[in-house]
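Structural description and commentary
Chain residues, written in single-letter form:
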Amino acid sequence: MSNRVIIFDTTLRDGEQSPGATMNQGEKIRLAQQLEILGVDVIEAGFPAASEGDFQAVQAIAATVKNVTVAGLCRALTSDIQRCHDAIKGANRPRIHTFLATSPLHMQHKLNKSPEQVLEMIEKAVSFASSLTPDVEFSCEDASRSERPFLAVAVEKAIAAGATTINIPDTVGYAQPQEFYELIKFLLETVPNASKAIFSVHCHNDLGLAAANTLAALSAGARQAEVTLCGIGERAGNASIEEVSMALKTRGCYYNLETGIKSEQIYPSSRLLSMIIGQPIPPYKPIIGGNAFAHESGIHQAGVLKCAETYEIMTPQSVGRAGNEMVLGKHSGRNAVKARLDELGFTLTDEQVNEVTDAVKELADKKKNIFSEDVEALVLEKIYRMPDKYRFKHLSVLSGNMAMPPTAALSIEVDGEERKLAAFGVGPIDAVFNTISQLTGRNPVLKQYAVNAVTGGTDAQGEVTVRLEEGGHKSVGRSSDSDVIVASAKAFINALNRLAKKEEERECAKL
Ligand code: KIV
Ligand code: ZN
């Protein structure tokens, strides 16, 4: 058995299903390019039958990345499988990933199907998928709560019908490491045609065991790990790419397994994701969190100074954390900006580099030191924005503890037409949001508002995230600026643009 583990990244599919992690097409493409640089083997780009937007994003990713397999997820239905194939067929290496639940609970309550009907559906779906492409993955949803003998039959039928990868998900994060190890061993030893497929695992983190279960399954003989950046995913998330790949690397002698992950790209990749979805990385997160390499106690500090290995099992450099070095300033030219963009892994056109250089210079007028994080925030702000219905233009705010209520005067563009208004609020942010709501004729409810400093220092850029809900539809908006009130206005407008985009997609789907 080979010791090479296939890393299947599902940040753009399972990860994107997690609340608040919605990405637009440009952001998905940028992330897919970074995943390719990171060295994943398979990118699950989305669920093409879910919406027109998903279909287009999967198709665009399939056309963009070159050295990685592009998978699309689909239910075990002919129409879904066909739609999935239409979306991924432009990829150099396309994969159809189809799934059906095999646990008694799901078969009875969700699918309302007998075990025999489920087996028939598996055979039909996998045969159809493999008539379209040779690379077919079949997932037994809720495998860890399925009855073992039935699971073994389902797997055997899927392989006989043409599945080349069999995925055993711990869909609800219920499994325990030893138990999951035994399940994989059981399948590998019991299913008669097991050697014809690669076994994969997909573990959720409901009990905090996703990485442990994934590693246990790899020890038992699974050779594909389904993971996400920062562990994002449904509910408590999925096994994280950084934990699984760094466990395999740091404990290489224990596992004797290899991946194609370029570990120095782990931190830049997770930062990019964090910026795109507007959620900061928690400080205590292993490997990528702010505290992961911070040594607070005197005893630890003294030990690390004498010999880093006393308290560090891996180096910060090995995961791409070179430190928060100052990179650019007022006098930095285009070449310096381009060099920093290259180091950060951004591949931009000449025109885009010029745009970022102008933005860096503009920011350097307001802020003395420009850090990598500032550059990343500017790239996201200037380059990876979707074409917007609403565009922020100018803002002036009056606030304080005088008799006048806080007032915001704003000008924005709606479909290219300029609109201006001033309105009040209980505070400056409330005034800004009220004014924007009136200018756009929308009535969203603000569910969450968070502001985070991109770097240290009182002149740091503020990164604002807002979550809105309107008519049962949710969206998240994010923006950064050296003025937090301006960042708030832009984040609010960004969330409205996402709501408008989703409306457009729903309209398209009706046609
Ligand atoms: O958690 C799960 O079971 C899934 C499958 C569709 C692979 O996401
Ligand atoms: Zn999942």
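Above this text sits the structure in question.
Note that the structure is a prediction, hence the values are computed from the model and not measured.

1. Description of the sheet that holds strand β2 (residues 42-46)
Read around the closed barrel, 8 strands run β1-β2-β3-β4-β5-β6-β7-β8, paired in parallel fashion. For this sheet the average axis-to-axis angle between neighbouring strands, irrespective of direction, equals 25°. Here strand β1 (residues 6-9) runs beside β2; their pairing, made up of 2 bridges, is parallel. Following the sheet pairing, D9 is matched in β2 by I43. Strand contacts of helix α8 (residues 210-220): β6 (165-170), β7 (198-203) and β8 (224-227), with the helix running at about 165° to β7, the strand carrying the most contacts.

2. A short note on the pairing of β6
When you tally the buried positions in β6, you get 6 out of 6 residues, the bulk of the element. Of the two faces of β6, both are covered, the one formed by T165, N167 and P169 as well as the one formed by I166, I168 and D170. Two strands pair when backbone bridges link them, and strand β5 (residues 136-141) and β6 are joined in this way by 3 bridges, in the parallel orientation. The residue of β6 that forms the bridge with S139 is N167. Crossover handedness for the path β5 to helix α6 (residues 148-160) to β6: right-handed.

3. A few points about helix α3 (residues 78-88)
Restricting attention to buried positions, one finds in α3 the residues D80, I81, C84, H85, A87 and I88. Projected onto a plane normal to the axis of α3, the buried residues spread over an arc of 160° and lie on a single side. Residues of α3 that are buried sit in contact with α2 (52-64), β3 (69-75), β4 (93-101) and α5 (115-132).

4. Topic: the packing of aromatic side chains
If you walk through the whole model with that rule in mind, you get 4 aromatic pairs. Residues F47 and F99 carry aromatic rings whose centres are separated by 6.4 Å and whose planes lie at 80° to one another, so their mutual orientation is edge-to-face. Separated by 52 residues along the polypeptide, F47 in the loop between β2 and α2 and F99 in strand β4 bring together distant segments of the chain. By relative accessible area, F99 is classed as buried at 18%. Geometrically, the ring pair formed by F433 and Y449 is edge-to-face, given 6.2 Å between the ring centres and 65° between the ring planes.

Scoring rules and cut-offs
- Residues numbered from 1 in each chain as written.
- Chains lettered and ligands numbered in written order.
- Predicted model: local features only at pLDDT ≥ 70, side-chain atom pairs only at ≥ 80, totals over all residues.
- Heavy atoms only, no water.
- Pairing = 2+ DSSP bridges.
- Helix = DSSP H or I, 4+ residues; strand = E, 2+ residues; numbered from the N terminus.
- Axes fitted to C-alpha atoms, helices over the stretch in contact; angles between N-to-C directions.
- Contact = heavy atoms within 4.5 Å.
- Buried < 20%, exposed > 50% of the residue type's maximum accessible area, 1.4 Å probe, protein only.
- Right-handed = clockwise from strand over helix to strand, strands pointing away.
- Arc of directions from axis to C-beta.
- Phe/Tyr/Trp six-rings, centres within 6.5 Å; stacked < 30°, edge-to-face > 60°.

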